[in-house]
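Fold and geometry: a report
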Amino acid sequence: MHCVRKVTDDLTWVGASDRRLALFENIHPIPEGVSYNSYVLMDQQTVLFDAADWSVGPQFLENVAFVLGDRPLDVMVINHMEPDHAATLGELILRYPDVKIICTAKAAMFMQQYEFDTADRVDIVKEGDTRCFGKHTVTFVIAPMVHWPEVMVTYDVTDGILFSADAFGSFKALDGKLFNDEVDYDRNWIDENRRYYTNIVGKYGPQVQKLLGKASGLDIKMICPVHGLIWRSDFAYLLDKYQKWSTYEPEEQAVMVAYASMYGHTESAANIIAQKLVERGVTNVVMYDVSKTDKSQLISETFRVSHVILASVTYNLGIFPPMHDFLMDMKALNLQNRTVALIENGTWACKVGALMRKELESMKKMNVLEADVTMTSTLKNETEMDALADTIAADMKK
Ligand code: FEO
């Protein structure tokens, strides 16, 4: 049975949600699922904007067929070739053999790499090109690295709708809702939106900035991403988040204490520094055990907060592996512009502070506080901790 929803009189959402998939891109947990959004425009020509992952293929294809009725699919606009959207391209071509595909030159190349039979049906477009489907005219805005190099977004000039590919998307399945004004976004969606953005697109802040600049010149009435909810109000809220995330500006004056502890002694130190901060009036503090918290969540929180305290045990004279993985992800995702404090522990030898500092100092605009707290197996006195708490509390008041 089809499951579709009208977006406008001419445009229908034909996507689907996946709640079975454990790992998005086989790496990021999605306990609340994910949606793959596609849209059919019924004009003089019929147009499909992006496709869907194979995991929701049967539902998606049934949706497309239902909306088309007895008409063929004339055009596909493929903004992004990552298989979570393009995997069903081959099946669509089999079902609609006369369909033309509008995409960038690089997307056409990727279609060949994925061995889709597209060579003689591709209509390659560039920045600013337009196509008219009848009542609706669209223009194309190239958006490389948001999130792959072939990406473009498509703007429906007639209705002011931006088909934004991965941009403005989010993890989380759709619970019957489709529009941002049908949910309490700040309570129920923003954390999964942030975790999606930071882990999928977080590395490409400058490219997102370019897209935001281009989009600011468009009269946008609705944003239709390929994951998550459609935005038709409160653009300022969303743009403020994107502005901060893409410039690596913290969202909040807040402290994240991420600790790596084998037998509880480093965890104890993490608890003590958190408590000392709260006693000094810094109450916006969160704590994470890096051994038990998925890296995608650690990364997401690191983008949110202004101050990070890393507390780690020394392991085989190196950085405890989950903490090392976290640091490598921070570096890979281009995280910058944070104030970081270090607490190190070691029983044989305390090496981890210097090693973490070296990694952090190789990242951009990281303010790594000078005074590390050093523990030998256990914390013996509170002097260094008090000094660190004083320093962070004072820094947060700046
Ligand atoms: Fe949702 Fe980059 O694909």
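Heads up: these notes are all about the structure in this document. (Residues numbered from 1 in each chain as written. Predicted model: local features only at pLDDT ≥ 70, side-chain atom pairs only at ≥ 80, totals over all residues. Heavy atoms only, no water.)

Take the overall build of the protein chain next. The helix and strand tally for the protein chain stands at 13 helices and 23 strands. Whereas a compact globule of 398 residues would reach a radius of gyration of roughly 21 Å, the protein chain reaches 24 Å, a difference of no more than 12%. Put simply, 71% of the contacts in the protein chain that link residues at least 6 apart link residues at least 24 apart. For the protein chain, the accessible area works out to roughly 16300 Å², and carbon and sulfur atoms hold 51% of it. Of note, the protein chain has its 39 positive side-chain charges centred 3 Å away from the centre of its 55 negative side-chain charges. (Helix = DSSP H or I, 4+ residues; strand = E, 2+ residues; numbered from the N terminus. Rg over C-alpha atoms; globule rule 2.2 N^0.38 Å. Contact = heavy atoms within 4.5 Å. Areas by Shrake-Rupley, 256 points an atom, 1.4 Å probe, with all protein chains shown as cover. Lys, Arg positive; Asp, Glu negative; His and termini not counted. Charge placed at Lys NZ, Arg CZ, Asp CG, Glu CD.)

Here helix α1 (residues 57–68) is 12 residues long and its end C-alpha atoms lie 16 Å apart, about the 16 Å a rise of 1.5 Å per residue gives. Listed as buried for α1 are G57, F60, L61, N63, V64, V67 and L68. Seen from one end, α1 has its buried residues packed into an arc of 155°, which puts them on one side. Tucked inside the fold, the buried residues of α1 contact β2 (11–13), β7 (39–42), β8 (46–49) and α3 (89–95). In the segment just after α1, G69 is the residue with positive phi, at about 65°. (Expected span 1.5 Å × (residues − 1). Buried < 20%, exposed > 50% of the residue type's maximum accessible area, 1.4 Å probe, protein only. Arc of directions from axis to C-beta.)

Attention shifts here to the environment of Q44. Within the secondary structure, Q44 is located in the loop between β7 and β8. Q44 sits 89 residues away from F133 along the chain, and the two C-alpha atoms are 6.0 Å apart. Not counting residues within four places of it along the chain, the set of residues in contact with Q44 comprises R71, D74, F133 and G134.

Pairing within the open sheet is mixed, and its five strands lie in the order β12-β13-β14-β15-β16. Edge positions in the open sheet fall to β12 (130–132) and β16 (222–224), since each of these has one partner strand only. Taking the axes of each pair of neighbouring strands and ignoring which way they run, one obtains an average angle of 20° across the sheet. Where strand β13 (residues 137–142) meets strand β14 (residues 152–156), five bridges bridge the pair, whose relative direction is antiparallel. The residue bridging I142 from the neighbouring strand is M152, located in β14. (Pairing = 2+ DSSP bridges. Axes fitted to C-alpha atoms, helices over the stretch in contact; angles between N-to-C directions.)

Before going further, it helps to spend a moment on the pattern of salt bridges. All told, the structure shown has 26 salt bridges when counted by the stated rule. A salt bridge links E251 to R194; its shortest N-O distance comes to 2.6 Å. Of this pair, E251 sits in the loop between α8 (235–247) and β17 (255–260) while R194 sits in helix α6 (residues 190–201), placing them 57 residues apart in sequence. Residue E251 shares its accessibility class with R194, and that shared class is buried. Of the charged contacts in the structure, one is a salt bridge between K221 and D219, with a shortest N-O distance of 3.0 Å. Taken together, the salt bridges that share partners define one network made up of K276, R280, E382, D386 and D390. (Salt bridge = Lys/Arg side-chain N within 4 Å of Asp/Glu carboxyl O.)

The subject of this paragraph is the sheet that holds strand β11 (residues 122–124). What the seven strands build is an open sheet, ordered β1-β2-β7-β8-β9-β10-β11; its pairing is mixed. What marks the edges here is a single partner per strand, and that holds for β1 (5–6) and β11. Examined bridge by bridge, strand β9 (residues 75–77) and strand β10 (residues 100–103) share three bridges and lie parallel to one another. Bridge pairing in β10 places V77 opposite I102. Each of β2, β7 and β8 touches α1; the most contacted strand, β7, lies at about 10° to it. Strands in contact with helix α4 (residues 105–113) are β10 and β11; relative to β10, the strand with the most contacts, it is inclined by about 125°.

Inspection of every chain in the model, using the stated rule, returns 17 aromatic pairs. On the numbers, 5.2 Å between centres and 70° between planes, the contact of F24 with F171 is edge-to-face. Taken as a pair, F24 in strand β4 (residues 23–24) and F171 in the loop between β15 (161–163) and α5 (185–188) lie far apart in primary sequence, 147 residues in all. Of the two residues examined, F24 and F171, each falls in the buried class. Between Y114 and F116 the ring centres are 6.5 Å apart and the planes differ by 40°, which places this aromatic pair in the tilted class. When its relative accessible area of 38% is taken as the criterion, Y114 is described as partly exposed. A connected cluster of aromatic rings, assembled from ring pairs, spans F168, Y197, Y242 and W245. Taking NZ or CZ as reference, K172 lies 5.4 Å from the ring centre of W189, over its face. (Phe/Tyr/Trp six-rings, centres within 6.5 Å; stacked < 30°, edge-to-face > 60°. Lys NZ or Arg CZ within 6 Å of the ring centre and 35° of its normal.)

In this section: the side chain of D395. The residue D395 is located in helix α13 (residues 383–396) in this model. Given a relative accessible area of 13%, D395 falls into the buried group. Looking at D395, its side chain comes within polar contact range of the side chain of H307, at 2.6 Å. If we skip the residues at most four places from it in the chain, D395 touches H307 and T339. (Polar contact = N/O pair within 3.5 Å; in protein donor to acceptor, adjacent residues only side chain to side chain.)

Side chains of β8 alternate between two faces, with T46 and L48 and V47 and F49 buried alike. Relative to β8, β7 runs antiparallel, the two sharing four bridges. Opposite L41, over in β8, you have V47 as the bridge partner. Linkage of β7 to β8, two consecutive antiparallel strands, is achieved through a turn of three residues. Bridge count for β8 against β9 is three bridges, and the pairing is parallel. Paired with L48 across the bridge in β9 is M76. In this fold, the crossover linking β8 to β9 by way of α1 has right-handed handedness. (Right-handed = clockwise from strand over helix to strand, strands pointing away.)

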